[in-house]
Amino acid sequence: MEKNKPVIAISGSTGFVGTNLRKFLSAQNIPIISLSRKKQKPLKSEKTLVFSDVGNIQKIQCDALVHLIGTGAQTISSDYESVNVEQTQKIINLCKKSKIKKIIYISGLGVSDNATFGYFISKLKAELLIKESGLDYTILRASYIVGNDDPLTQNLTNQIKNGVILVPGSGSYRLQPISVGDVCRVILESVRNKNLSNKTVDLVGPKTISFANYVRKFVRGKKAKIKKIPLEQAYFDALNHPENALYGIDDLNIMVGDFTSSHHVLEKLSGIKLKTPEIL
Ligand SMILES: NC(=O)c1ccc[n+]([C@@H]2O[C@H](COP(=O)([O-])OP(=O)(O)OC[C@H]3O[C@@H](n4cnc5c(N)ncnc54)[C@H](OP(=O)(O)O)[C@@H]3O)[C@@H](O)[C@H]2O)c1
């Protein structure tokens, strides 16, 4: 362990953000403890800890824990309460018994005390558990995090294979993508920078873009048509044929929600100049 380098634990380390964060920290030789349900080949400066239930992990020794366990779609065996809320409580318990002082959590852009749909309510409940835990926290309310293989890219790439990308409704609702590289920088800064202590901050990039324009940019140079479908049909498919639907119910809720924010708050608190993601 090198001096002045924090030891950082990551839950949800196998996911999109977790995988990118592990590579980012490992490249800087920052000691990592990755928690996951699956075995992973450790990177440089990384130790891995496999668990079947995060609640059964005994103590771990680190300076901060980045909590990335989460789901954005429900099934009978993996619903919002059991994943987004209960796993957060277990992670808080782990922090307390391990005397980890700092937790960093990724919530969703648009989450508020007035949340009405399941995903946002579960994220709000997780935020409240963290705020009431007494731990030093940074809660980052993320718009779409983009980079190689992000969930939106995966979805659109799969649609391109069928030659058509569907745009629900008008497509005029906006996103404010932030690059996964910037997200990793912000997370590390949250560990180090007291300005981000006990703060809830929107994790958004410098530019907004309508979904329809995002899709237009995405298909540039690729062989695929863009087809608008009525919002009613998109929701009908999400409700009645979830296994084949291209957008889940809460994907649609978030899209239509048109959530945007100012990136200046994050830039000011973190001291990081955020980059416009390449696709924009
Ligand atoms: N990506 C985005 O654009 C975005 C936007 C807003 C908020 N967020 C939030 O950011 C966090 C990370 O996102 P992501 O895109 O990296 O998500 P992801 O790719 O779906 O990864 C989710 C992680 O959670 C783990 N997990 C799920 N259910 C679990 C359970 N019951 N017990 C233990 N682990 C469980 C998964 O582990 P397994 O591999 O074992 O299944 C995986 O490591 C999530 O909380 C997400 O809601 C992401």
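Within each chain, residues carry numbers counting from 1 in the order of the written sequence. Side-chain atom pairs in this predicted model are given and counted only at pLDDT of 80 or more, local residue features only at pLDDT of at least 70, and totals for whole chains, interfaces and linings cover all residues. Computation of side-chain values: all heavy atoms of the structure, hydrogens and water removed.

1. Comments concerning the packing of helix α1 (residues 16-27) against helix α5 (residues 180-192)
Formally: Here an angle of 0 to 180 degrees is reported between the N-to-C directions of two axes, which are lines fitted to C-alpha atoms, with helices fitted over the stretch in contact. Secondary structure elements follow DSSP: runs of H or I no shorter than four residues count as helices, runs of E no shorter than two count as strands, and numbering proceeds from the N terminus. Working definition: roughly parallel below 35 degrees, roughly antiparallel above 145 degrees, roughly perpendicular at 65 to 115 degrees, and oblique for all remaining angles. Note: crossing handedness is left-handed where the near helix turns anticlockwise from the far helix by less than a right angle, and right-handed where it turns clockwise. Whether two residues are in contact is decided by their heavy atoms: any pair within 4.5 Å suffices. Amino acids are sorted into nonpolar (Ala, Val, Leu, Ile, Met, Phe, Trp, Tyr, Cys and Pro), charged (Asp, Glu, Lys and Arg) and polar (every other residue, Gly among them).
Viewed as axis vectors pointing N to C, α1 and α5 meet at an angle of 65°, and their least axial separation amounts to 10 Å. Taken together, α1 and α5 sit at an angle that is classed as roughly perpendicular. You can see that α1 and α5 cross each other, and the crossing is right-handed. Every residue of α5 that contacts α1 at Phe16, Val17, Asn20, Leu21, Phe24 and Leu25 is listed here: Val180, Val183, Cys184, Arg185, Ile187 and Leu188. Here the residues of the contact of α1 with α5 sort into 10 nonpolar, one polar and one charged.

2. Quick word on the packing of aromatic side chains
The cut-off we apply is this: Ring pairs are drawn from Phe, Tyr and Trp, using the six-membered ring of Trp, whenever the two centres fall within 6.5 Å, and their geometry is named by plane angle: stacked under 30 degrees, edge-to-face over 60, tilted for the rest. By definition, being over a ring means that NZ of Lys or CZ of Arg is both within 6 Å of the ring centre and within 35 degrees of the ring normal.
With the rule as written, the count across this model stands at six aromatic pairs. By the ring-pair criterion, three or more aromatic residues cluster together here, those being Tyr80, Phe117, Tyr119, Phe120 and Phe259. Here Lys222 stacks its cationic end above the ring of Phe218, 4.1 Å away from the centre of that ring.

3. Considering the site of the ligand
Definition in use: When at least one non-hydrogen atom of a residue lies within 4 Å of a molecule or strand, that residue is treated as near it. The term polar contact refers here to a pair of N or O atoms within 3.5 Å; inside protein, the definition further demands a hydrogen-donor-capable atom paired with an acceptor-capable atom, and it admits residues adjacent in sequence only when both atoms are side-chain atoms. Using a 1.4 Å probe, the Shrake-Rupley method yields the accessible areas, and only the shown protein chains count as cover for residues.
Residues in close proximity to the ligand total 21 residues, the closest being Thr14, Phe16, Val17, Arg37 and Lys38. A distance of 3.3 Å separates an oxygen atom of the ligand from a polar atom in the side chain of Tyr119. Note that an oxygen atom of the ligand is positioned 2.9 Å from one of the side-chain N or O atoms of Lys123. Computed on the free molecule, the ligand has an accessible area of 890 Å², of which 80% lies beneath the protein chains in the complex. Every element with two or more residues in the shell around the ligand is listed here: α1, α2 (80-98), β5 (102-108) and α3 (118-132). In the shell around the ligand, the residues fall into 10 nonpolar, eight polar and three charged.

4. What to know about the sheet that holds β5
Short version of the rule: Being paired, for any two strands, means DSSP has found at least two bridges between them.
The strand order across the open sheet formed by seven strands is β3-β2-β1-β4-β5-β6-β11, and the pairing between neighbours is parallel. Of all the strands in the sheet, just β3 (46-50) and β11 (199-203) have a single pairing partner and so form its edges. Shown here is a sheet whose adjacent strand axes are inclined to one another by a mean of 20°, direction ignored. Relative to strand β6 (residues 136-142), β5 runs parallel, the two sharing seven bridges. Following the sheet pairing, Tyr105 is matched in β6 by Ile139. The sheet contacts of α1 involve β1 (8-11), β2 (32-36), β3, β4 (64-67) and β5, and relative to β1 the element is tilted by about 165°. On the sheet, α3 packs against β5, β6 and β11 and is oriented at approximately 160° with respect to β5.

Fair warning: the whole summary comes from geometry, so function is off the table for now.
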